[in-house]
Amino acid sequence: MQIKATCAACGSEQLLIPSDDEQDQMIRCGACNADVGDKKAVSEALRKRAKQEAEKAIADLKKSFSKAGIK
Ligand SMILES: [Zn+2]
């Protein structure tokens, strides 16, 4: 499972991510050049989303286990 950031303006996944030593830490869209957000903020949002997805997957797994009679 891979969670990607996308451009809010055009939905493109082709984001230009600055390397850590660059002054400008703004992630930009490679397709329409819109600002996607600060690198730190975007990775934080992705981490949060990944955590939610993982928790949801675990909850679903538990549900299917109990449906199958496994405790
Ligand atoms: Zn875009």
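Here goes a summary of the coordinates provided. (Residues numbered from 1 in each chain as written. Predicted model: local features only at pLDDT ≥ 70, side-chain atom pairs only at ≥ 80, totals over all residues. Heavy atoms only, no water.)

Turning our eyes to something else, we now look at the nonpolar core. Membership of the largest hydrophobic core is limited to six residues, which are Ala5, Cys7, Leu15, Ile27, Cys29 and Val42. Excluding residues within four positions of it along the chain, Ala5 makes contact with Ser12, Glu13, Leu15, Val42 and Leu46. (Core = buried A, V, L, I, M, F, W, Y, C linked by side-chain atoms within 4.5 Å. Buried < 20%, exposed > 50% of the residue type's maximum accessible area, 1.4 Å probe, protein only. Contact = heavy atoms within 4.5 Å.)

This part is about the coordination of the zinc ion. Protein coordination at the zinc ion: the donors are Cys7 (SG), Cys10 (SG), Cys29 (SG) and Cys32 (SG), at 2.3 Å from the metal. For the zinc ion, the four donor atoms in the first shell make angles of 107 to 116 degrees at the metal, so the coordination geometry reads as tetrahedral. Along the chain, the residues donating to the zinc ion are arranged with the sequence spacing C-x2-C-x18-C-x2-C. Look at Cys7 and you get buried, because its relative accessible area is 4%. (Donors = N, O, S within 2.8 Å, 3.2 Å for Na, K, Ca; no water. Tetrahedral: all angles 85-135°; square planar, octahedral: opposite > 155°, others 65-115°.)

Position of Lys39 relative to the elements: it lies in helix H1 (residues 39-67). Residue Lys39 is classed as buried on the basis of its relative accessible area, which comes to 19%. For Lys39, the side chain forms a polar contact with the main-chain oxygen of Pro18, separated by 2.9 Å. Contacts of Lys39, omitting those with residues within four sequence positions, involve Ile17, Pro18, Ser19, Asp20, Gln25 and Ile27. (Helix = DSSP H or I, 4+ residues; strand = E, 2+ residues; numbered from the N terminus. Polar contact = N/O pair within 3.5 Å; in protein donor to acceptor, adjacent residues only side chain to side chain.)

Along the polypeptide, Cys29 turns up in strand S2 (residues 26-29). Counting along the chain gives 20 residues from Cys29 to Ala9, while the straight-line C-alpha distance between them is 8.7 Å. In contact with Cys29, other than residues within four places in its own chain, are Cys7, Cys10, Ser12, Gln14, Leu15, Leu16, Ala34 and Val36.

Within a beta sheet, neighbouring strands are joined by backbone hydrogen bonds and run either parallel or antiparallel to one another. Taking strand neighbours across the sheet as the criterion, the three strands line up as S1-S2-S3 in an open arrangement whose pairing is antiparallel. What marks the edges here is a single partner per strand, and that holds for strand S1 (15-16) and strand S3 (35-38). Bridging between S2 and S3 involves three bridges; their strand directions are antiparallel. Counted as the bridge partner of Met26 is Asp38 from S3. (Pairing = 2+ DSSP bridges.)

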